[in-house]
Amino acid sequence: MSVQKQSVSFTDTAYAFARELVEAGEYPNMSAAVSGELAKAKAEREHERVLLEAELERRLSLPLDQWEPVGNATDVTAGARAHLAAKTRKT
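Residues numbered from 1 in each chain as written. Predicted model: local features only at pLDDT ≥ 70, side-chain atom pairs only at ≥ 80, totals over all residues. Heavy atoms only, no water.

Things to note about the overall build of the chain
Here's step 1: Each helix and strand in the chain was counted, giving 3 helices and 0 strands.
Here's step 2: Along the chain, helices and strands appear, N-terminal first, in the series α-α-α.
Here's step 3: For 91 residues, the compact-globule estimate of 2.2 N^0.38 gives 12 Å, and the chain exceeds it by more than 25% at 21 Å.
Here's step 4: With the C-alpha coordinates of the chain rotated into their principal frame, the extents come out at 55 × 35 × 30 Å.
Here's step 5: Surface summary for the chain: the accessible area is close to 8400 Å², and the carbon and sulfur share equals 58%.
Here's step 6: The averaged location of the 14 negative side-chain charges in the chain is 9 Å from the averaged location of its 12 positive side-chain charges. (Helix = DSSP H or I, 4+ residues; strand = E, 2+ residues; numbered from the N terminus. Rg over C-alpha atoms; globule rule 2.2 N^0.38 Å. Areas by Shrake-Rupley, 256 points an atom, 1.4 Å probe, with all protein chains shown as cover. Lys, Arg positive; Asp, Glu negative; His and termini not counted. Charge placed at Lys NZ, Arg CZ, Asp CG, Glu CD.)

Below you can see the structure in the form of C-alpha cells.
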C-alpha cells in the first residue's frame, strides 16, 4: 500500500477530536487517526448505500397495487434537478 503525503487543515473541533483519539490510544498518531476515521466513514457510506439498494429492490418487487402514490413527478425530482443544475453552474 502506498502512502500519499498531503497537508490538511482542521477546525479546532476536528483537531481536538483527532487528538482525543490518539490520546485515548485508539490510534498511534494523528495521521493514523485521520486515515482510520476516513476508512470508517467510507465503510459507513458503503453500508448505507447497500441498505438503500436493498430497500429499493424490496419496494420495486412489490406488486403495483401495493405501491403508494408519491405525487407529481416534477415535485419528486425538483430537488435532484436543482442539485444537478447547481453542479453544472460550478463547472
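Things to note about the nonpolar core
Here's step 1: With 6 residues, the main nonpolar core is built from A18, L21, V22, Y27, M30 and A33.
Here's step 2: Broken down by element, this core gets its largest block of residues, 3 residues, from helix α1 (residues 12-23). (Core = buried A, V, L, I, M, F, W, Y, C linked by side-chain atoms within 4.5 Å. Buried < 20%, exposed > 50% of the residue type's maximum accessible area, 1.4 Å probe, protein only.)

With respect to α1
Here's step 1: Helix length check: α1, at 12 residues, gives a terminal C-alpha distance of 16 Å against a target of 16 Å (1.5 Å per residue), a fit within 8%.
Here's step 2: Those residues of α1 that are buried are in contact with α2 (30-60).
Here's step 3: G25, located one to two residues past α1, shows a positive phi value of around 85 degrees. (Expected span 1.5 Å × (residues − 1). Contact = heavy atoms within 4.5 Å.)

Notes on the pattern of salt bridges
Here's step 1: Taken as a whole, this structure holds 5 salt bridges when the rule is applied.
Here's step 2: Three or more residues are tied together by salt bridges with common partners; here these are E46, R49 and E53. (Salt bridge = Lys/Arg side-chain N within 4 Å of Asp/Glu carboxyl O.)

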